[in-house]
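What follows is the residue order along each chain.
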Amino acid sequence: MGDLIVRHATGNDVAVLAALIDGFAKGHPAERHARSVERMRDAFFGEEPVAHVLLAEKNGTAIGFGAWRKTYDVYWSMYGGEGIGLYVSPAHRGLGAAVCIVAAMCEEIRKAGGHFLQTGYDPELASLYERVGVGSPQRACHVSALAFEKLAAAAGTSAREIIRSLPDKALNYVPVEP
């Protein structure tokens, strides 16, 4: 997908982001809940943003998004990121956009001083999330240590290159000095 880019969303992207979030909400109990575009603008792009948002675009059209917020692991005593949303429109799935978004999230988290990405996911997505990340029965997943570093380093390359270079899950247990 050489024509795919992942970039920071801006306040000018709120309407597009709102449409993607409407797609993301399909099948969720909040599917029919009215979401305020102004509240979304304030939450993501206001004076105190609650999360970082990335947009995936193919040929200039937004096809997906990823959102994360900074977190801290009290057990390991290190900062990281918590994924709070990852979505690719159904017409564009299977082309590697999700893995490009995840790699870009890891890169951003690393630049912010973080060393892992953790998130929750639905059981039907287990094979995707647990291919690199360490999963749990609660369907929470994390990518950390050397696996996180390798995934972050792949950001900006093609989906094919990211998939070919996906780190082995065992690298989640190989520490990297902060």
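Scoring rules and cut-offs
Residues numbered from 1 in each chain as written. Predicted model: local features only at pLDDT ≥ 70, side-chain atom pairs only at ≥ 80, totals over all residues. Heavy atoms only, no water. Salt bridge = Lys/Arg side-chain N within 4 Å of Asp/Glu carboxyl O. Helix = DSSP H or I, 4+ residues; strand = E, 2+ residues; numbered from the N terminus. Buried < 20%, exposed > 50% of the residue type's maximum accessible area, 1.4 Å probe, protein only. Contact = heavy atoms within 4.5 Å. Pairing = 2+ DSSP bridges. Phe/Tyr/Trp six-rings, centres within 6.5 Å; stacked < 30°, edge-to-face > 60°.

**Things to note about the pattern of salt bridges**
(1) Moving on: Summed over all chains, the structure comprises nine salt bridges.
(2) Moving on: With a closest N to O distance of 2.9 Å, glutamate 57 and arginine 7 form a salt bridge. Remark: arginine 7 occurs in strand β1 (residues 4-8) and glutamate 57 occurs in strand β2 (residues 52-58); sequence separation between them is 50 residues.
(3) Moving on: For arginine 164, the salt bridge goes to glutamate 161, with nearest N and O atoms at 3.5 Å. Taken together, the residues arginine 164 and glutamate 161, both in helix α6 (residues 159-164) and three residues apart, mark about one turn of the helix.
(4) Moving on: Accessibility expressed as a relative area gives 60% for arginine 164, which makes it exposed.
(5) Moving on: Taken together, the shared-partner salt bridges connect Arg7, Asp13 and Glu57 into one network.

**Some points on helix α5 (residues 145-153)**
(1) Moving on: Buried residues of α5: Ala145, Ala147, Phe148, Glu149, Leu151 and Ala152, and no others.
(2) Moving on: Structurally, α5 contributes buried residues whose contacts are with α3 (97-111), β5 (116-120), β7 (140-144) and α6.

**A few points about the environment of arginine 32**
(1) Moving on: For arginine 32, the location among the structural elements is in the loop between α1 (14-24) and α2 (37-45).
(2) Moving on: Residue classification places arginine 32 among the exposed positions, given a relative accessible area of 77%.
(3) Moving on: Residues arginine 32 and aspartate 22, spaced ten residues apart in sequence, show a C-alpha to C-alpha distance of 8.7 Å.

**Some details on the pairing of strand β3 (residues 61-73)**
(1) Moving on: Where β2 meets β3, seven bridges bridge the pair, whose relative direction is antiparallel. Looking across to β3, one finds that histidine 52 is bridged to tryptophan 68.
(2) Moving on: The loop that links β2 with its antiparallel partner β3 comprises two residues; one of these, asparagine 59, has a positive phi angle of about 55°.
(3) Moving on: As paired strands, β3 and strand β4 (residues 78-88) are joined by ten bridges and run antiparallel to one another.

**Observations regarding the packing of aromatic side chains**
(1) Moving on: With the rule as written, the count across this model stands at five aromatic pairs.
(2) Moving on: Ring centres of phenylalanine 24 and phenylalanine 65 lie 5.6 Å apart, and the angle between their planes is 90°; this geometry places the pair in the edge-to-face category. Taken together, the residues phenylalanine 24 in helix α1 and phenylalanine 65 in strand β3 connect sequence positions 41 residues apart.
(3) Moving on: Between phenylalanine 44 and phenylalanine 45 the ring centres are 6.2 Å apart and the planes differ by 65°, which places this aromatic pair in the edge-to-face class.
(4) Moving on: Here the aromatic cluster, defined as three or more aromatic residues joined through ring pairs, consists of Phe24, Phe65 and Tyr87.

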